[in-house]
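Architecture and fold: a report
Single-letter residue listing:
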Number of protein chains: 2
Amino acid sequence: MQKHGNFRGRIEEELIKLQLNDYPPELYEPIRYFLGIGGKRIRPVFTLTACEMFGTDPWLAMNPALGLEIFHNFTLLHDDIMDNASLRRSSQTVHLKWNRDIAILSGDAMFVKAFQLISSVDPGHMKPIIDLFTKTAIEVCEGQQLDMNFEHCNHISTDQYIDMISKKTSVLIGCCLETGAIIANASVSDREHIYRFGLNLGIAFQLRDDYLDAYGIPEKFGKKTGGDILSDKKTFLWLKAYEQASASDRKNLDRLAGNVSEEQEQSKKISDTLDIFNRLKIPDQLKEAEHQYFSLAMQHLDIIDQPETKKTVIRKLADSLFTREA
Amino acid sequence: MQKHGNFRGRIEEELIKLQLNDYPPELYEPIRYFLGIGGKRIRPVFTLTACEMFGTDPWLAMNPALGLEIFHNFTLLHDDIMDNASLRRSSQTVHLKWNRDIAILSGDAMFVKAFQLISSVDPGHMKPIIDLFTKTAIEVCEGQQLDMNFEHCNHISTDQYIDMISKKTSVLIGCCLETGAIIANASVSDREHIYRFGLNLGIAFQLRDDYLDAYGIPEKFGKKTGGDILSDKKTFLWLKAYEQASASDRKNLDRLAGNVSEEQEQSKKISDTLDIFNRLKIPDQLKEAEHQYFSLAMQHLDIIDQPETKKTVIRKLADSLFTREA
């Protein structure tokens, strides 16, 4: 059985070896650059791990695994344009390093390459894999649109928020796992459970991300905390607080969610917002929700018709995602 | 045998009936809008016509035909952002009617929908159709990048220009025809010939477009002539003239290819440029090149192993593309 570190190393190698034309360089250099600035490669690792868990040589799932990673990177590349982001994984974003048009077009070319790899499987698996992928890719677009819509609106329920993050990030985790299961000829029921495992794990992971952005230990989290609060992002914490806040706290939240430029005011904005979160016990509620989604994920994994020893790698992989701050 | 007018009508109906989600509307309304502002639908008509020519019920090719039309529209939508275009088929472009981010993302969603439809064929045809489509889609991205590169460079040979227009527009015509042939189980040789027919026809068509933009009768061409000259587009006419011009005419061409804002100067820019084209007999050279590509297309059609009566519709369709100005 492969350790996921081995999977990750092999995925990196395959991404470097990826067959791409060279001409015109303005199209292909940004793709090589973007695929080369790192990332945890958790999605393709999940594909290979699921394939192996269901008893099939994981390397048979390498093409769709790479395609899914490239699709993920394509969405990041286009999201960076929409978010006017200047950095991605501590490197300059493509639309700044080159320009907007090159970022749009090299993103489009990545998407084609992703589709090419995802459909590079044996003919018997093509239809279910493509059906799953296209359904997922549409949802990812919907999730990104909802995320953009929510920026301009305070009155989002946490249910709407969970729906948005499910589409924007979690469905792709489910899709990556189920793709590995399809290659391994898993039963329809097991395919459904591994998908649900990934979906719920993805939601729990996003909730943890919201928590760490506000409460993480910067040295362990890897970046300064409070970024979401400063950029007025409507996270689970903020929306839950807004739902439960008294009229005066709502006013405070509305007031705080404005533009702040001075550094001193920034830290006050963060601490005032955290005071409201804490008073309403929002961190506990987030942990409770995270726990529920994580448990639900594990229930789906438990049901899968494989011996427990086969599930060890995927279980450890899931756990490793949740040990980032401590 | 269907007339292509029937095909076009049916394609319009199918595009209106297209299964798309409704939520979020910011994602789907631009797609409905863009697919609704018209277009000749020549690409899907070619797919259905080729399928019928090879003796198979053309409606079996409807899904990939629609997918290819949607892919074409996706490229137009993203091109409009890159070209800062304000109008598309006399309607406002998506990035102006909504905004840039919505145009990027609804384009991406169209691309997914295109993949979904193109791969919605019976399992035996999936692999060749997807292989052909992904190869083509990559070339279309390359063609668009080359087109953007050429804007900033006068020293493009006409060979490089033909390579660019082949990729940007003609390969998709070839792909549309070959897709119909694949559905109809045409032989590998016939598939190759119908592809080459489309490729060369597409090049001839683009050359005719260059000619009409400069020399067309506005009432029949449907828009004012001289647009390419005013926007300093490096068309076949311009590049051929630049290749053959004397040192002083090159200077004139370089001088003319600058920014002109006054209306009076605009018409002088057009007439001065046309004077150089005419003196060098560029229109005749363009017609000669167009004729060569058109003849080559017809040679490929001639070789195809089908009775002449079967080829009539596609021949008429090809001819109809070249009777726009007179």
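The model shown is predicted, which means the values in this text are computed figures rather than measured ones. (Residues numbered from 1 in each chain as written. Chains lettered and ligands numbered in written order. Predicted model: local features only at pLDDT ≥ 70, side-chain atom pairs only at ≥ 80, totals over all residues. Heavy atoms only, no water.)

Description of the overall build of chain A
- The secondary structure content of chain A amounts to 16 helices and two strands.
- Over its C-alpha atoms chain A spans a radius of gyration of 20 Å, differing by no more than 12% from the 20 Å that the globule rule assigns to 326 residues.
- Dimensions of chain A, computed from C-alpha atoms along their principal axes, come out at roughly 60 × 50 × 35 Å.
- When contacts within chain A are restricted to residue pairs at least 6 apart in sequence, those whose partners lie at least 24 apart make up 74%.
- Surface summary for chain A: the accessible area is close to 13,700 Å², and the carbon and sulfur share equals 49%.
- Here chain A contributes 39 positively and 47 negatively charged side chains, and the mean placements of these two sets differ by 2 Å. (Helix = DSSP H or I, 4+ residues; strand = E, 2+ residues; numbered from the N terminus. Rg over C-alpha atoms; globule rule 2.2 N^0.38 Å. Contact = heavy atoms within 4.5 Å. Areas by Shrake-Rupley, 256 points an atom, 1.4 Å probe, with all protein chains shown as cover. Lys, Arg positive; Asp, Glu negative; His and termini not counted. Charge placed at Lys NZ, Arg CZ, Asp CG, Glu CD.)

A few points about the packing of helix α4 (residues 62-82) of chain A against helix α8 (residues 158-183) of chain A
Residues and elements named next belong to chain A.
- Between α4 and α8, the least distance of the axes is 10 Å, while the angle of their chain directions is 165 degrees. When the interaxial angle is binned, α4 and α8 end up roughly antiparallel. For α4 against α8, the interelement crossing comes out right-handed. Contacts between α4 and α8 involve Pro-64, Leu-68, Phe-71, His-72 and Asp-79 on the former and, on the latter, Lys-168, Leu-172, Cys-175, Cys-176, Thr-179 and Ile-183.
- Grouping the amino acids of the contact of α4 with α8 by side-chain chemistry returns seven nonpolar, two polar and two charged. (Axes fitted to C-alpha atoms, helices over the stretch in contact; angles between N-to-C directions. Parallel < 35°, antiparallel > 145°, perpendicular 65-115°, else oblique. Left-handed = near helix turned anticlockwise from the far one by under 90°. Nonpolar A, V, L, I, M, F, W, Y, C, P; charged D, E, K, R; others polar.)

A few points about the environment of A:Pro24
- Looking at the element boundaries, A:Pro24 is found in the loop between α1 (4-17) and α2 (25-36).
- In this structure A:Pro24 comes out as buried when scored by relative accessible area, which is 0%.
- The contact partners of A:Pro24, leaving out residues within four places of it in the chain, are B:Glu142, B:Gln145, B:Leu146 and B:Asn149. (Buried < 20%, exposed > 50% of the residue type's maximum accessible area, 1.4 Å probe, protein only.)

Overview of the relation of the copies chain A and chain B
- Expressed as a screw transformation, the operator carrying chain A onto chain B has a rotation angle of 180 degrees and an axial translation of 0.0 Å, and the superposed copies differ by an RMSD of 0.0 Å. Here the symmetry operator amounts to a two-fold rotation axis.
- A high fraction, 100%, of the interface residues of chain A reappear at the interface in chain B, so the copies pair face to face through one surface. (Least-squares fit on C-alpha atoms with pLDDT ≥ 70 in both.)

Considering the environment of B:Leu96
All names here are of chain B.
- Mapping Leu-96 onto the fold places it in helix α5 (residues 94-97).
- Leu-96 sits in the partly exposed class, given a relative accessible area of 44%.
- On a C-alpha basis, the gap between Leu-96 and Asp-80 in space is 9.7 Å, while along the polypeptide they are 16 residues apart.

Describing the packing of aromatic side chains
- Inspection of the entire model under this criterion finds 26 aromatic pairs over all chains.
- Centre to centre, the rings of B:Tyr33 and B:Trp98 are 5.4 Å apart; their planes meet at 70 degrees, and the pair counts as edge-to-face. Of this pair, B:Tyr33 sits in helix α2 (residues 25-36) while B:Trp98 sits in the loop between α5 and α6 (100-118); the two residues are 65 residues apart in sequence, bridging distant segments of the chain.
- When the ring of B:Phe115 is compared with that of B:Phe133, the centres are 5.6 Å apart and the planes differ by 80 degrees; the resulting orientation is edge-to-face. On the criterion of sequence distance, the pair formed by B:Phe115 in helix α6 and B:Phe133 in helix α7 (residues 123-151) is long-range, its members being 18 residues apart.
- Members of the aromatic cluster, each reached through a chain of ring pairs, are A:Phe71, A:Phe74, A:Phe111, A:Phe115, A:Phe133, B:Phe71, B:Phe74, B:Phe111, B:Phe115 and B:Phe133.
- Above the face of the B:Trp238 ring, B:Lys234 is positioned so that its terminal group lies 5.5 Å from the ring centre. (Phe/Tyr/Trp six-rings, centres within 6.5 Å; stacked < 30°, edge-to-face > 60°. Lys NZ or Arg CZ within 6 Å of the ring centre and 35° of its normal.)

Looking at the packing of α8(A) against helix α12 (residues 236-244) of chain A
Residue and element names in this part refer to chain A.
- Running from N to C, α8 and α12 cross one another at 165 degrees; their axes reach a closest spacing of 9 Å. Judged by the inter-axis angle, α8 sits roughly antiparallel to α12. Like other packed secondary-structure pairs, α8 and α12 cross with a definite hand, here right-handed. Contacts between α8 and α12 involve Thr-158, Tyr-161 and Ile-162 from the first element and Phe-236, Leu-239, Lys-240 and Glu-243 from the second.
- Looking at the contact of α8 with α12, its residues break down into four nonpolar, one polar and two charged.

What about unusual backbone geometry?
- The peptide bond linking A:Tyr23 to A:Pro24 adopts the cis configuration, its omega dihedral lying at 0 degrees.
- Backbone geometry places B:Asn185, a non-glycine residue, at a positive phi of 55 degrees.
- Its place among the elements puts B:Asn185 in the loop between α8 (158-183) and α9 (188-215).
- Of the residues examined, B:Asn185 reaches a relative accessible area of 59% and is grouped as exposed.

Concerning the pattern of salt bridges
- Summed over the entire model, instances satisfying the criterion amount to 39 salt bridges over all chains.
- Notably, a salt bridge pairs B:Asp131 with B:Lys127, separated by 2.9 Å at the nearest N-O pair. Here B:Lys127 and B:Asp131 lie together in helix α7, a separation of four residues that amounts to about one turn.
- Residues B:Lys167 and B:Asp163 are paired through a salt bridge, measuring 3.6 Å at the closest nitrogen-oxygen approach. Here the residue B:Lys167 and the residue B:Asp163 both occupy positions in helix α8, the gap between them amounting to four residues, near one helical turn.
- Here the residues in one salt-bridge network are A:Arg10, A:Glu14 and A:Lys17, joined through shared partners. (Salt bridge = Lys/Arg side-chain N within 4 Å of Asp/Glu carboxyl O.)

Some thoughts on the interface of chain A and chain B
- Each side of the interface is counted separately: chain A has 38 residues, and chain B has 38 residues.
- Where chain A abuts chain B, roughly 3,700 Å² becomes buried across the two surfaces, and 71% of that area is made up of carbon and sulfur atoms.
- For the chain A face of the interface with chain B, the top three residues by lost area are A:Leu105, A:Val112 and A:Gln145, together amounting to 15%.
- Run the count over chain A and chain B and you get zero salt bridges.
- For the pair chain A and chain B, the interface holds 12 residue pairs in polar contact (both at pLDDT 80 or more).
- Contributing elements (two or more residues each) for the side of chain A that touches chain B: α2, α4, α6 (100-118) and α7 (123-151) of chain A.
- At 14 residues, the largest contribution of residues to the side of chain A that touches chain B is made by α7(A).
- Tallied by class, the residues present in the side of chain A that touches chain B amount to 21 nonpolar, nine polar and eight charged. (Buried area = accessible area lost by both parts, 1.4 Å probe. Polar contact = N/O pair within 3.5 Å; in protein donor to acceptor, adjacent residues only side chain to side chain.)

Some thoughts on helix α9 (residues 188-215) of chain A
- Across its 28 residues, α9(A) extends 40 Å between first and last C-alpha, which sits within 8% of the 40 Å expected from 1.5 Å per residue.
- Counting buried residues along α9(A), 21 of its 28 residues qualify, which places the element largely inside the surrounding structure. (Expected span 1.5 Å × (residues − 1).)

Brief notes about α2(B)
- With 12 residues, α2(B) ought to run about 16 Å at 1.5 Å a step, and its terminal C-alpha atoms sit 16 Å apart, in line with that.
- Buried residues belonging to α2(B) abut α7 of chain A together with α4 (62-82), β1 (87-88), β2 (91-92), α5 and α6 of chain B.
- Looking one or two places after α2(B), you find B:Gly38, whose phi comes out positive at around 95 degrees.

Topic: the side chain of B:Asp228
- Residue position: B:Asp228 is located in helix α11 (residues 227-230).
- No salt bridge is formed by the buried B:Asp228; its nearest oppositely charged neighbour, B:Lys233, is found at 4.2 Å.

Here's the deal with the confidence of the model for chain A
- Of all residues in chain A, 96% attain a pLDDT of 70 or more, and the chain-wide mean is 93.
- The complex prediction reports pTM at 0.95, with the ipTM value standing at 0.94. (pLDDT = per-residue confidence, 0-100.)

Re the environment of A:Gly67
All names here are of chain A.
- Along the chain, Gly-67 turns up in helix α4.
- By relative accessible area, which is 0% here, Gly-67 ends up buried.
- For the pair Gly-67 and Ile-165, spaced 98 residues apart in sequence, the C-alpha separation works out to 22 Å.
- In this structure Gly-67 touches Ala-114, Leu-117 and Ile-118, once residues within four positions along its chain are discounted.

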